[in-house]
Amino acid sequence: MARLTGKVALMTGAAGGQGTAEAELFLREEAAVVLTDVDVATGESLTQRLAGQGGRVTFLPQDVADEASWKNVVAAALARFGKLHILVNNAGTIARQGIVDTTVEAWNRTIAVNLTGAMLGMKHCAPAIRDSGGGSIINISSTAGLTAHDDAAYTASKWGLRGLTKTAVLQFSQWNIRVNSIHPGQIADTGFFRSGGEAFAHAARVAIPLHRQGTPRECADLVLFLASDESSFISGAEIAIDGGYIAAGTASLRNRVRDDFAAGRN
Ligand SMILES: NC(=O)c1ccc[n+]([C@@H]2O[C@H](COP(=O)([O-])OP(=O)(O)OC[C@H]3O[C@@H](n4cnc5c(N)ncnc54)[C@H](O)[C@@H]3O)[C@@H](O)[C@H]2O)c1
(Lines give C-alpha, C1' and ligand atoms only; values in the text may rest on other atoms or scores of the structure.)
Protein backbone atom coordinates (compact mmCIF):
# COMPACT_ATOMS: atom_id res chain seq x y z
CA MET A 1 0.00 0.00 0.00
CA ALA A 2 1.44 3.37 -1.00
CA ARG A 3 1.66 6.01 1.71
CA LEU A 4 -0.42 8.78 0.08
CA THR A 5 -3.04 6.85 -1.87
CA GLY A 6 -6.16 8.98 -2.38
CA LYS A 7 -4.50 12.18 -1.14
CA VAL A 8 -4.21 15.44 -3.03
CA ALA A 9 -1.17 17.62 -2.26
CA LEU A 10 -0.27 21.18 -3.22
CA MET A 11 3.34 22.28 -3.07
CA THR A 12 4.78 25.71 -3.75
CA GLY A 13 8.31 26.42 -4.95
CA ALA A 14 8.04 23.07 -6.69
CA ALA A 15 10.53 23.85 -9.45
CA GLY A 16 13.38 24.05 -6.94
CA GLY A 17 15.56 21.34 -5.45
CA GLN A 18 13.41 20.29 -2.50
CA GLY A 19 10.11 20.84 -4.32
CA THR A 20 11.19 18.59 -7.17
CA ALA A 21 12.22 15.82 -4.77
CA GLU A 22 8.91 16.16 -2.90
CA ALA A 23 6.91 16.03 -6.12
CA GLU A 24 8.72 12.87 -7.28
CA LEU A 25 8.28 11.16 -3.93
CA PHE A 26 4.63 12.14 -3.43
CA LEU A 27 3.75 10.83 -6.90
CA ARG A 28 5.58 7.58 -6.20
CA GLU A 29 3.40 7.24 -3.08
CA GLU A 30 0.29 7.70 -5.26
CA ALA A 31 -0.76 11.25 -4.33
CA ALA A 32 -2.23 13.57 -6.92
CA VAL A 33 -0.02 16.64 -6.91
CA VAL A 34 -0.49 20.31 -7.75
CA LEU A 35 2.82 22.09 -8.28
CA THR A 36 3.27 25.86 -8.31
CA ASP A 37 6.26 28.17 -8.79
CA VAL A 38 7.26 31.56 -10.22
CA ASP A 39 9.77 29.69 -12.39
CA VAL A 40 7.27 28.67 -15.04
CA ALA A 41 9.67 27.10 -17.56
CA THR A 42 11.24 24.75 -15.02
CA GLY A 43 7.89 23.97 -13.39
CA GLU A 44 6.30 23.08 -16.71
CA SER A 45 9.14 20.86 -17.89
CA LEU A 46 9.23 19.07 -14.52
CA THR A 47 5.49 18.48 -14.74
CA GLN A 48 5.76 17.17 -18.29
CA ARG A 49 8.43 14.70 -17.20
CA LEU A 50 6.41 13.52 -14.19
CA ALA A 51 3.15 13.25 -16.15
CA GLY A 52 5.05 11.25 -18.78
CA GLN A 53 5.89 8.74 -16.05
CA GLY A 54 2.16 8.35 -15.34
CA GLY A 55 1.84 10.85 -12.45
CA ARG A 56 -1.42 12.67 -11.69
CA VAL A 57 0.22 16.09 -11.67
CA THR A 58 -0.53 19.61 -12.76
CA PHE A 59 1.49 22.85 -12.74
CA LEU A 60 0.22 26.36 -12.09
CA PRO A 61 2.35 29.51 -12.30
CA GLN A 62 2.16 31.28 -8.94
CA ASP A 63 3.80 34.05 -6.95
CA VAL A 64 2.93 32.96 -3.39
CA ALA A 65 3.02 36.59 -2.19
CA ASP A 66 0.00 37.41 -4.38
CA GLU A 67 -3.25 36.65 -2.57
CA ALA A 68 -5.33 36.46 -5.75
CA SER A 69 -3.06 33.69 -7.01
CA TRP A 70 -3.99 31.56 -3.99
CA LYS A 71 -7.70 31.79 -4.78
CA ASN A 72 -6.98 30.65 -8.35
CA VAL A 73 -4.63 27.85 -7.31
CA VAL A 74 -7.04 26.38 -4.74
CA ALA A 75 -9.96 26.62 -7.17
CA ALA A 76 -7.90 24.96 -9.92
CA ALA A 77 -6.71 22.18 -7.58
CA LEU A 78 -10.29 21.41 -6.52
CA ALA A 79 -11.53 21.57 -10.12
CA ARG A 80 -8.84 19.12 -11.26
CA PHE A 81 -8.67 16.65 -8.34
CA GLY A 82 -11.86 17.32 -6.30
CA LYS A 83 -10.17 17.50 -2.88
CA LEU A 84 -7.13 18.91 -1.07
CA HIS A 85 -5.42 17.21 1.88
CA ILE A 86 -1.81 18.41 2.01
CA LEU A 87 -0.12 21.80 1.67
CA VAL A 88 3.66 22.13 1.56
CA ASN A 89 4.70 25.79 1.94
CA ASN A 90 8.07 25.35 0.29
CA ALA A 91 8.64 28.50 -1.82
CA GLY A 92 11.40 30.68 -0.45
CA THR A 93 13.80 33.47 -1.33
CA ILE A 94 16.86 35.09 0.23
CA ALA A 95 18.62 38.41 -0.40
CA ARG A 96 21.77 37.72 1.68
CA GLN A 97 21.85 41.16 3.30
CA GLY A 98 22.74 41.95 6.92
CA ILE A 99 20.74 44.46 8.96
CA VAL A 100 22.85 47.49 7.98
CA ASP A 101 22.89 46.57 4.26
CA THR A 102 19.23 45.59 4.01
CA THR A 103 17.17 47.57 1.55
CA VAL A 104 13.53 47.95 2.45
CA GLU A 105 12.64 46.39 -0.93
CA ALA A 106 14.65 43.24 -0.22
CA TRP A 107 13.29 43.07 3.32
CA ASN A 108 9.69 43.43 2.16
CA ARG A 109 10.06 40.93 -0.67
CA THR A 110 11.64 38.28 1.56
CA ILE A 111 8.96 38.66 4.22
CA ALA A 112 6.27 38.69 1.51
CA VAL A 113 7.42 35.42 -0.06
CA ASN A 114 8.66 33.43 2.94
CA LEU A 115 6.16 34.53 5.59
CA THR A 116 3.14 36.23 4.01
CA GLY A 117 3.15 33.61 1.22
CA ALA A 118 2.97 30.76 3.72
CA MET A 119 0.27 32.55 5.73
CA LEU A 120 -1.80 33.07 2.57
CA GLY A 121 -1.29 29.41 1.69
CA MET A 122 -2.72 28.34 5.03
CA LYS A 123 -5.51 30.93 4.87
CA HIS A 124 -6.76 29.69 1.51
CA CYS A 125 -5.93 25.98 1.71
CA ALA A 126 -7.03 25.17 5.27
CA PRO A 127 -10.79 25.53 4.57
CA ALA A 128 -10.43 23.28 1.50
CA ILE A 129 -8.46 20.72 3.54
CA ARG A 130 -11.16 20.87 6.24
CA ASP A 131 -13.86 20.25 3.62
CA SER A 132 -11.84 17.28 2.32
CA GLY A 133 -11.88 15.64 5.77
CA GLY A 134 -8.65 17.03 7.18
CA GLY A 135 -4.98 16.65 6.41
CA SER A 136 -1.52 18.04 6.98
CA ILE A 137 0.35 21.30 6.41
CA ILE A 138 4.13 21.37 6.34
CA ASN A 139 5.91 24.72 6.55
CA ILE A 140 9.48 24.71 5.30
CA SER A 141 11.33 27.01 7.67
CA SER A 142 15.12 26.71 8.17
CA THR A 143 17.80 26.42 10.81
CA ALA A 144 17.63 30.22 10.32
CA GLY A 145 14.30 29.90 12.14
CA LEU A 146 16.03 28.31 15.14
CA THR A 147 19.22 30.36 15.46
CA ALA A 148 21.01 33.36 13.91
CA HIS A 149 21.67 33.66 10.16
CA ASP A 150 23.53 36.40 8.24
CA ASP A 151 20.49 37.53 6.25
CA ALA A 152 18.24 39.77 8.35
CA ALA A 153 14.97 39.36 6.52
CA TYR A 154 15.46 35.64 5.90
CA THR A 155 16.04 35.02 9.61
CA ALA A 156 13.02 37.10 10.59
CA SER A 157 10.82 35.36 8.02
CA LYS A 158 11.84 31.85 9.06
CA TRP A 159 11.43 32.58 12.79
CA GLY A 160 8.05 34.09 11.89
CA LEU A 161 7.01 30.97 10.01
CA ARG A 162 7.99 28.80 12.96
CA GLY A 163 5.73 30.90 15.22
CA LEU A 164 2.90 31.08 12.72
CA THR A 165 2.91 27.29 12.62
CA LYS A 166 1.95 27.24 16.31
CA THR A 167 -0.97 29.61 15.67
CA ALA A 168 -2.10 27.32 12.87
CA VAL A 169 -2.11 24.37 15.29
CA LEU A 170 -4.31 26.39 17.63
CA GLN A 171 -6.77 27.25 14.89
CA PHE A 172 -6.78 24.21 12.58
CA SER A 173 -6.68 21.22 14.96
CA GLN A 174 -10.47 21.40 15.27
CA TRP A 175 -10.58 20.86 11.48
CA ASN A 176 -8.44 17.72 11.77
CA ILE A 177 -5.47 19.48 10.20
CA ARG A 178 -1.98 18.88 11.61
CA VAL A 179 0.64 21.60 11.08
CA ASN A 180 4.39 21.22 11.53
CA SER A 181 7.52 23.13 10.58
CA ILE A 182 10.73 21.60 9.36
CA HIS A 183 14.09 23.34 9.66
CA PRO A 184 16.62 22.29 7.03
CA GLY A 185 20.28 23.11 7.45
CA GLN A 186 22.34 23.45 4.30
CA ILE A 187 20.84 21.30 1.52
CA ALA A 188 22.89 20.61 -1.63
CA ASP A 189 21.50 20.60 -5.19
CA THR A 190 19.22 23.58 -4.58
CA GLY A 191 19.14 27.17 -5.80
CA PHE A 192 19.78 28.26 -2.21
CA PHE A 193 22.91 26.11 -2.00
CA ARG A 194 24.29 27.45 -5.29
CA SER A 195 23.66 31.08 -4.30
CA GLY A 196 25.49 30.63 -0.97
CA GLY A 197 28.87 30.16 -2.64
CA GLU A 198 31.88 27.94 -2.02
CA ALA A 199 33.16 29.45 1.25
CA PHE A 200 29.74 29.09 2.87
CA ALA A 201 29.47 25.49 1.68
CA HIS A 202 32.90 24.72 3.11
CA ALA A 203 32.07 26.38 6.44
CA ALA A 204 28.81 24.44 6.67
CA ARG A 205 30.58 21.12 6.05
CA VAL A 206 32.97 21.89 8.90
CA ALA A 207 30.25 23.14 11.26
CA ILE A 208 27.72 20.34 10.60
CA PRO A 209 28.53 17.44 12.94
CA LEU A 210 27.87 14.90 10.13
CA HIS A 211 30.31 16.92 7.95
CA ARG A 212 28.18 17.03 4.83
CA GLN A 213 25.26 18.90 3.30
CA GLY A 214 21.83 17.31 3.31
CA THR A 215 20.02 16.29 0.13
CA PRO A 216 16.62 17.33 -1.24
CA ARG A 217 15.57 13.69 -1.03
CA GLU A 218 16.29 13.59 2.71
CA CYS A 219 14.05 16.63 3.19
CA ALA A 220 11.37 15.11 0.96
CA ASP A 221 11.40 11.94 3.07
CA LEU A 222 10.68 14.02 6.19
CA VAL A 223 7.94 16.00 4.42
CA LEU A 224 6.39 12.72 3.22
CA PHE A 225 6.38 11.37 6.77
CA LEU A 226 4.66 14.52 8.07
CA ALA A 227 2.16 14.46 5.19
CA SER A 228 1.26 10.80 5.67
CA ASP A 229 -0.89 9.19 8.35
CA GLU A 230 2.28 7.69 9.89
CA SER A 231 2.67 11.01 11.75
CA SER A 232 -1.02 11.14 12.77
CA PHE A 233 -0.35 12.41 16.32
CA ILE A 234 2.42 14.89 15.43
CA SER A 235 1.29 18.50 15.26
CA GLY A 236 3.12 21.70 16.18
CA ALA A 237 6.53 20.03 16.05
CA GLU A 238 9.59 21.87 14.77
CA ILE A 239 11.98 19.33 13.30
CA ALA A 240 15.57 20.21 12.48
CA ILE A 241 16.96 18.29 9.50
CA ASP A 242 20.50 19.56 9.66
CA GLY A 243 23.05 16.82 10.41
CA GLY A 244 23.11 17.86 14.08
CA TYR A 245 24.04 21.51 13.40
CA ILE A 246 21.58 23.08 15.85
CA ALA A 247 21.89 20.42 18.55
CA ALA A 248 25.70 20.48 18.67
CA GLY A 249 25.92 24.22 17.87
CA THR A 250 27.73 26.14 20.55
CA ALA A 251 29.36 23.10 22.19
CA SER A 252 30.82 22.12 18.82
CA LEU A 253 32.30 25.60 18.35
CA ARG A 254 33.64 25.61 21.93
CA ASN A 255 35.32 22.23 21.42
CA ARG A 256 36.95 23.36 18.20
CA VAL A 257 38.32 26.46 19.93
CA ARG A 258 39.43 24.29 22.88
CA ASP A 259 41.26 21.86 20.57
CA ASP A 260 42.92 24.70 18.62
CA PHE A 261 44.00 26.32 21.90
CA ALA A 262 45.40 23.04 23.25
CA ALA A 263 47.33 22.54 20.00
CA GLY A 264 48.72 26.08 20.12
CA ARG A 265 46.73 27.14 17.01
CA ASN A 266 44.93 30.13 18.58
N1 LIG B 1 18.65 24.73 0.33
C2 LIG B 1 18.93 25.05 1.56
O3 LIG B 1 20.10 24.99 1.99
C4 LIG B 1 17.81 25.46 2.51
C5 LIG B 1 18.10 25.51 3.88
C6 LIG B 1 17.09 25.86 4.76
C7 LIG B 1 15.82 26.16 4.28
N8 LIG B 1 15.57 26.10 2.95
C9 LIG B 1 14.21 26.41 2.50
O10 LIG B 1 13.74 25.34 1.71
C11 LIG B 1 12.72 25.82 0.81
C12 LIG B 1 12.95 25.21 -0.56
O13 LIG B 1 14.12 25.75 -1.13
P14 LIG B 1 15.18 24.82 -1.94
O15 LIG B 1 16.19 24.41 -0.96
O16 LIG B 1 14.48 23.82 -2.74
O17 LIG B 1 15.84 25.94 -2.87
P18 LIG B 1 15.54 26.31 -4.40
O19 LIG B 1 16.12 27.66 -4.61
O20 LIG B 1 16.04 25.21 -5.28
O21 LIG B 1 13.95 26.37 -4.52
C22 LIG B 1 13.16 27.47 -4.12
C23 LIG B 1 12.00 27.59 -5.10
O24 LIG B 1 11.10 28.62 -4.64
C25 LIG B 1 10.66 29.30 -5.80
N26 LIG B 1 10.15 30.63 -5.46
C27 LIG B 1 10.87 31.71 -5.08
N28 LIG B 1 10.06 32.76 -4.88
C29 LIG B 1 8.79 32.33 -5.14
C30 LIG B 1 7.52 32.96 -5.12
N31 LIG B 1 7.37 34.26 -4.80
N32 LIG B 1 6.42 32.21 -5.42
C33 LIG B 1 6.57 30.91 -5.77
N34 LIG B 1 7.74 30.27 -5.82
C35 LIG B 1 8.85 30.97 -5.51
C36 LIG B 1 11.88 29.36 -6.71
O37 LIG B 1 11.54 29.67 -8.05
C38 LIG B 1 12.46 27.97 -6.51
O39 LIG B 1 11.95 27.06 -7.46
C40 LIG B 1 12.80 27.34 0.89
O41 LIG B 1 11.72 27.81 1.66
C42 LIG B 1 14.10 27.62 1.60
O43 LIG B 1 14.06 28.82 2.34
C44 LIG B 1 16.54 25.77 2.05
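Residues numbered from 1 in each chain as written. Predicted model: local features only at pLDDT ≥ 70, side-chain atom pairs only at ≥ 80, totals over all residues. Heavy atoms only, no water.

**Student:** Would you explain the packing of aromatic side chains in this entry?
**Tutor:** Pairs of aromatic rings are described using the distance from one ring centre to the other and the angle between the two planes. Summed over the entire model, instances satisfying the criterion amount to two aromatic pairs. A ring pair is formed by Y154 and F192, whose centres lie 5.7 Å apart and whose planes are at 40 degrees; its orientation type is tilted. With Y154 in helix α5 (residues 152–172) and F192 in helix α6 (residues 191–196), the pair connects residues that are 38 residues apart, well separated along the chain. A relative accessible area of 30% places F192 in the partly exposed class. Sitting over the ring of W175, R130 keeps its end group 4.6 Å from the ring centre. The ring of W159 carries R162 above its face, with NZ or CZ at 4.8 Å from the centroid. (Phe/Tyr/Trp six-rings, centres within 6.5 Å; stacked < 30°, edge-to-face > 60°. Helix = DSSP H or I, 4+ residues; strand = E, 2+ residues; numbered from the N terminus. Buried < 20%, exposed > 50% of the residue type's maximum accessible area, 1.4 Å probe, protein only. Lys NZ or Arg CZ within 6 Å of the ring centre and 35° of its normal.)

**Student:** Got a minute to help me understand the side chain of T12 in this structure?
**Tutor:** Assignment of secondary structure puts T12 in the loop between β1 (8–11) and α1 (17–28). At 3.0 Å, the side chain of T12 forms a polar contact with the backbone nitrogen of A91. If near-sequence neighbours (up to four positions away) are discounted, T12 is found in contact with T36, Q62, V64, W70, V88, N89, N90 and A91. (Polar contact = N/O pair within 3.5 Å; in protein donor to acceptor, adjacent residues only side chain to side chain. Contact = heavy atoms within 4.5 Å.)

**Student:** I keep staring at the nonpolar core and nothing clicks. Help me out?
**Tutor:** Core analysis: the largest hydrophobic core is formed by 30 residues, its most contacted members being M11, F26, L35, I86, V88, I138 and I182. Of all the secondary-structure elements, those providing two or more residues to this core are β1, α1, β2 (32–37), α2 (40–52), β3 (57–61), β4 (86–89), β5 (135–140) and α8 (216–227). Excluding residues within four positions of it along the chain, F26 makes contact with L4, A9, M11, A31, V33, I86, V88, V223, L224 and A227. (Core = buried A, V, L, I, M, F, W, Y, C linked by side-chain atoms within 4.5 Å.)

**Student:** What is the right way to look at the site of the ligand in this model?
**Tutor:** The environment of the ligand is formed by 28 residues, the closest being Q18, D37, N90, Y154 and G191. In the environment of the ligand, an oxygen atom lies 2.8 Å from a nitrogen or oxygen atom belonging to the backbone of N90. Contacts to the ligand include G191, whose backbone N or O atom sits 2.8 Å from an oxygen atom. With the chains in place, 91% of the 830 Å² that the ligand exposes on its own is no longer accessible. Per-class residue counts for the shell around the ligand are ten nonpolar, 13 polar and five charged. (Near = heavy atom within 4 Å. Areas by Shrake-Rupley, 256 points an atom, 1.4 Å probe, with all protein chains shown as cover. Nonpolar A, V, L, I, M, F, W, Y, C, P; charged D, E, K, R; others polar.)

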